[in-house]
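# Structural overview for review
Residue strings, one per chain:
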Amino acid sequence: MPLRKNLTRVISILAGMVLALIVIIFPIGYFLNSSRYFAGSLETAVDGMANSMTQLIIENPELWQYEQLRIEALLQAPSQRDYQEERRVVNLKNELLAEVSDRPAVPVMVRSAKLYDAGVVVGRVEISRSLRPLVMRSGQIGLFMLPLGIIAFLVLHTLPIRAMARAEQALRQSEEKYRDLFENANDAIFIVDADLCYREVNNKGIELLGYSKQELLTMRIPDLIPPEQLSRSAGEFNKLLDSGSYEKFTGHVIRKDRSILNVEVSSSAIIENGSVVGSRDIMRDITERLKMEDELLKSQKLESLGILAGGIAHDFNNLLTGILGNISIALLHVDRQDKAYVRLAEAEKASLRAKNLAQQLLTFSVGGEPIKKTVLINNLISESALFSLRGAPVKCTFSIPDDLLPVEVDEGQINQVINNLVINAVQASPAGGTIHITAKNVFPDRTSELSLNSGQYVRIDVQDSGMGILKEHLTRIFDPFFSTKQHGSGLGLATAYSIVKKHGGLITVESELAAGATFHVYLPVSDKELSVTSIEDGQLLHGKGNILVMDDEEIIRDVAGEMLKEMGYDVEVACDGMQAIEAFTLARKSGMPFGVVILDITVPGGLGGQQTLERLIEIDPHVRAIVSSGYSHDPIMSDYRKYGFKGVAAKPYRIKELGDTIAAVMQNV
């Protein structure tokens, strides 16, 4: 405001000077310039009249003073212009000899010339001419220039002041806009002086750090930086002094509640007179971004592991199918009291453990998609947990409501998740203790930090009372092969993580050292109808009819054929899709069509199961096909009906599992 008042005063003075110049100086200038011409004209008239009087004196030097008539005649001689003037002739004694007067109005200009007789002054001639016309014209010019002066005054006074007012308003609006942007920015913005003291902070900065504005303006940058980060922050400030800015700085700040915040800071120098006098710092909370990056890194690690798992899973499961299948056949022919039965049963258990290990690897692979159905998992949770706790010095409590909503899951994989979490809890409690397992329906708040899509979820909590997890290990516990235990592969939690992710859910952990850990599993609620689960009676189902088995592995063809023969079926085998199509066509022509066709998905260098089924459907639209595979990059195993199959037999399988699947397909279940 003082600056504006001073500028207004200066503008007013300058505009007034211009007005005075136009209204006063111009008329005065005109008057002075015209006066010089006026005086010259008057002097010329006086000199002319003096010359005429000199001739008269020369003609009658003794008596010229008495020739009044001739003197008056000379005085009455006309002038070049019609001036109001008085003409007089006086002698040496200043006595009036003759006079002609037009009564000139004041002011007047007087000029005189001496009269000589033989070089001796004998009198003088005077002319007094009125200056009023000149004064009047000067006044008229002044009046004429007055509007012009007023206009000039208004232009020079009003326009600059208005322009200044507009500029001031624009500046004020700009400042208000800047202030609005500053205060309502999504990032925290700080103005800092050369001593690293905060001079200004916006609303986001106050919200982010938890301090009031008054508190922050009494603080310095080092007050908010963890001690271990001070040297690195000082180095960044030196960069700012040297180059005027620095690249984005990622680090930590301490909030008022003493919690640590992950932030990214970018800064630009405030320069005055060539020196850095402070900086403008923009701070962004990157906690959520780091979580997403961590999730992405986990996914990338799991993807890399999936490539490795996929490379061995197919062959491993084919071999395991041969082993497990032959054992299950042998068990049918050995008396339960025989020692060989016990050994075979133990071998079968070992094979099933190998199957579970293979399933853990397949969980990470692209082909390890869950085979889902909509179920209630109340009993699954408790049964899986109790099975895992057999022989452990840990007890378990459950809090599972009856109104738990249905979820669409692969029961085997979710069983594996519960199993792995409970085993992890047992291993974390070597001295014994209690595991609390709860489940409930939840609707996560959209503003929460959970990386979940909107919707309702079933949340399963597994809480132990063990030693807890170190803070630096929390971000790595779901990494494949990471483990802090002496025993274990480090795949348990990674497997659980991958399974839950493939179900569209999320698994998180909370823990404090010496205070146990709690794992939260979120599974999306399904609005589909509940799947019907058949009750098995434990007996091997027999049947009749022709069955075609297509698989590229001889051991699979042999063991599957023997299994089917044990169940009473006639069997024909094919090593690829073309052989299967030929056999299928010949069987139809012979009047002995195949009741069921078992097709392997992957046949290296040959026609696979999906392509084979497409050709078979062209031959017989009612063909009943079962898809069989230990690994596939295709989602056929999890959604087999979409591709025309009637059932699925996941390798490795035992004779009873294969028999149940065939019986279900035969009955169109």
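Going by the structure above, here's the rest.
Residues numbered from 1 in each chain as written. Predicted model: local features only at pLDDT ≥ 70, side-chain atom pairs only at ≥ 80, totals over all residues. Heavy atoms only, no water.

## What to know about the overall build of the protein
What counts here: Helix and strand labels come from DSSP, where a helix needs a run of H or I of at least four residues and a strand needs a run of E of at least two; each type is numbered from the N terminus. For each residue, the accessible area found with a 1.4 Å probe, counting protein chains only, is set against the maximum for its type, and the residue is called buried under 20%, exposed over 50%, and partly exposed in between. Whether two residues touch is decided by their heavy atoms; if any such pair falls within 4.5 Å, the residues are in contact. We get accessible surface area from the Shrake-Rupley algorithm with a probe of 1.4 Å; when it comes to residues, only the shown protein chains can shield them.
Helix and strand counts for the protein stand at 15 helices and 21 strands. Counting every position in the protein, which comprises 669 residues, the buried fraction comes to 42%. Within the protein, contacts between residues separated by at least 24 positions form 65% of all contacts whose residues are at least 6 apart in sequence. For the protein, the exposed surface amounts to about 36900 Å²; the carbon and sulfur share of it is 55%.

## A word on the packing of aromatic side chains
Aromatic ring pairs: the centre-centre distance and the angle between the two ring planes describe each pair. What counts is decided by this rule: Any two of the Phe, Tyr and Trp rings considered here, Trp counted by its six-membered ring, make a pair once their centres fall within 6.5 Å; the pair's planes then place it as stacked at under 30 degrees, edge-to-face at over 60, or tilted in between. Here, a charge over a ring is recorded when the distance from Lys NZ or Arg CZ to the ring centre is within 6 Å and its angle to the ring normal is within 35 degrees.
Across all of its chains, the model carries 2 aromatic pairs by this definition. A ring pair is formed by Phe-190 and Tyr-198, whose centres lie 5.2 Å apart and whose planes are at 50°; its orientation type is tilted. By the burial criterion, Phe-190 is buried, and Tyr-198 matches it. Ring geometry for Phe-584 versus Phe-594: centroids 6.5 Å apart, planes at 25°, classification stacked. One end of the pair, Phe-584, is in helix α13 (residues 577-589); the other, Phe-594, is in the loop between α13 and β19 (596-600), and 10 residues separate them in sequence. As far as burial versus exposure is concerned, Phe-584 and Phe-594 are alike and both buried. Over the aromatic face of Phe-38 sits the side chain of Arg-129, whose NZ or CZ is 5.6 Å from the ring centroid.

## Re a nonpolar patch on the surface
As a reminder, the rule being used: Patch definition: residues above 30% relative accessible area lacking any salt bridge, with like charges linked at up to 9 Å and the nonpolar side chains Val, Leu, Ile, Met, Phe, Trp and Tyr linked at up to 5 Å. Criterion for a salt bridge: a side-chain nitrogen of Lys or Arg within 4 Å of a carboxyl oxygen of Asp or Glu.
Taken together, Leu-21, Ile-24, Ile-25, Phe-26, Ile-28 and Leu-32 make up a surface patch of nonpolar side chains, about 550 Å² in accessible area. Residue position: Ile-24 is located in helix α1 (residues 2-59). Looking at Ile-24, the relative accessible area reads 45%, which means it is partly exposed.

## Description of the sheet that holds strand β2 (residues 96-101)
The test is simple: When DSSP finds two or more bridges between two strands, those strands count as paired. Here, axes are lines fitted to C-alpha atoms. For helices the fit covers the stretch in contact, and angles between N-to-C directions go from 0 to 180 degrees.
Pairing is antiparallel in the open sheet, where 4 strands are placed in the order β2-β1-β4-β3. Since the sheet does not close on itself, it has two edges, and those belong to β2 and β3 (108-117), each with one partner. On average, each strand axis in the sheet is tilted by 15° relative to the strand beside it, whichever way the strands run. For strand β1 (residues 85-91) and β2, the ladder comprises 5 bridges, and the chain directions are antiparallel. Looking at the pairing, Val-90 lines up with Leu-96 of β2. Sitting on the sheet, helix α2 (residues 68-75) is in contact with β1 and β2, with an inclination near 35° to β2.

## A short note on the environment of Tyr-30
Tracing the backbone shows Tyr-30 in helix α1. In this structure, the C-alpha to C-alpha distance between Tyr-30 and Val-135, residues 105 residues apart in sequence, is 9.7 Å. Beyond its immediate sequence surroundings of up to four residues, Tyr-30 is in contact with Leu-134, Arg-137, Ser-138 and Ile-141.

## Looking at helix α14 (residues 609-619)
Selection criterion: Taking the helix axis as origin, the arc is that swept by the directions to the C-beta atoms.
Listed in full, the buried residues belonging to α14 are Gly-609, Thr-612, Leu-613 and Leu-616. For α14, the angular spread of buried residues about the axis comes to 100°, placing them on one side. Considering only its buried residues, α14 is in contact with β17 (546-550), α13, β19 and β20 (625-629).

## Section: the sheet that holds β20
Spatial ordering of the open sheet is given by β18-β17-β19-β20-β21, a layout of 5 strands whose pairing is parallel. A single partner strand is all that each edge strand has here, and the edge strands are β18 (570-574) and β21 (647-650). On average, each strand axis in the sheet is inclined to that of its neighbour by 20°, with strand direction left out of account. Bridging between β17 and β19 involves 4 bridges; their strand directions are parallel. The residue of β19 that forms the bridge with Val-549 is Ile-598. Of the strands in this sheet, β17, β19 and β20 touch α14, which is tilted by about 150° from β19. Contacts from helix α15 (residues 655-666) reach β17, β19, β20 and β21, with the element oriented near 130° to β19.

## Considerations on the nonpolar core
What counts, and what does not: Among buried residues, those of type Ala, Val, Leu, Ile, Met, Phe, Trp, Tyr and Cys that are joined through side-chain atoms within 4.5 Å constitute a nonpolar core.
In this structure, Ile-377, Ile-435, Ile-437, Ile-460, Ile-507 and Phe-519 are the most contacted members of the largest nonpolar core, which totals 38 residues. Of the residues forming this core, the biggest block, 7 residues, is contributed by helix α10 (residues 411-427). If near-sequence neighbours (up to four positions away) are discounted, Ile-377 is found in contact with Leu-404, Val-407, Val-409, Val-458, Ile-460 and Leu-523. Residues Leu-42, Trp-64, Ala-113 and Val-122 belong to the second largest nonpolar core, which totals 24 residues.

## What to know about the environment of Met-17
Tracing the chain through its elements places Met-17 in helix α1. Its relative accessible area of 53% is what places Met-17 among the exposed residues. Residues Met-17 and Phe-153 lie 136 residues apart in sequence; the distance between their C-alpha atoms is 8.7 Å.

## Quick notes on the pairing of strand β13 (residues 433-442)
Consecutive side chains of a regular strand alternate in pointing toward one face of the sheet and then the other. In this structure, strand β11 (residues 394-399) lies alongside β13, joined through 6 bridges in parallel fashion. Directly across from Ser-399, in β13, lies its bridge partner Thr-438. Of the strand pairs in this sheet, β13 and strand β14 (residues 457-463) are connected by 7 bridges, and their pairing is antiparallel. Along β14, the bridge assignment pairs Lys-440 with Arg-459.

## Points about the pattern of salt bridges
Taken as a whole and judged by the stated rule, the model has 23 salt bridges. Residue Arg-289 pairs with Glu-264 through a salt bridge whose shortest N-O separation is 3.2 Å. You can see Arg-289 sitting in helix α7 (residues 287-332) and its partner Glu-264 sitting in strand β8 (residues 260-272), a full 25 residues away along the chain. Judged by its relative accessible area of 10%, Glu-264 is buried. Look at the salt bridges and you will find they share partners, linking Glu-59, Glu-67 and Arg-70 into a network.

## Structural notes on the packing of helix α9 (residues 378-388) against α10
Worth spelling out the cut-off: In what follows, roughly perpendicular refers to angles from 65 to 115 degrees, roughly parallel to angles under 35, roughly antiparallel to angles over 145, and oblique to any angle outside these ranges. Rotating anticlockwise by less than a right angle from the far helix to the near helix defines a left-handed crossing, while the corresponding clockwise rotation defines a right-handed one. Residue polarity is assigned by list, with Asp, Glu, Lys and Arg as charged and Ala, Val, Leu, Ile, Met, Phe, Trp, Tyr, Cys and Pro as nonpolar; anything else, Gly included, falls into the polar class.
Interhelical geometry of α9 versus α10 gives an angle of 45° and a closest axis separation of 8 Å. Here α10 runs oblique to α9, going by the angle between their axes. The two elements α9 and α10 cross, and the hand of that crossing is right-handed. Within the contact between the two elements, α9 uses Leu-380, Ile-381, Ser-384, Ala-385, Phe-387 and Ser-388 and α10 uses Glu-411, Ile-414, Asn-415, Ile-418, Asn-419, Val-422 and Ile-423. Within the contact of α9 with α10, the residues separate by chemical class into 8 nonpolar, 4 polar and 1 charged.

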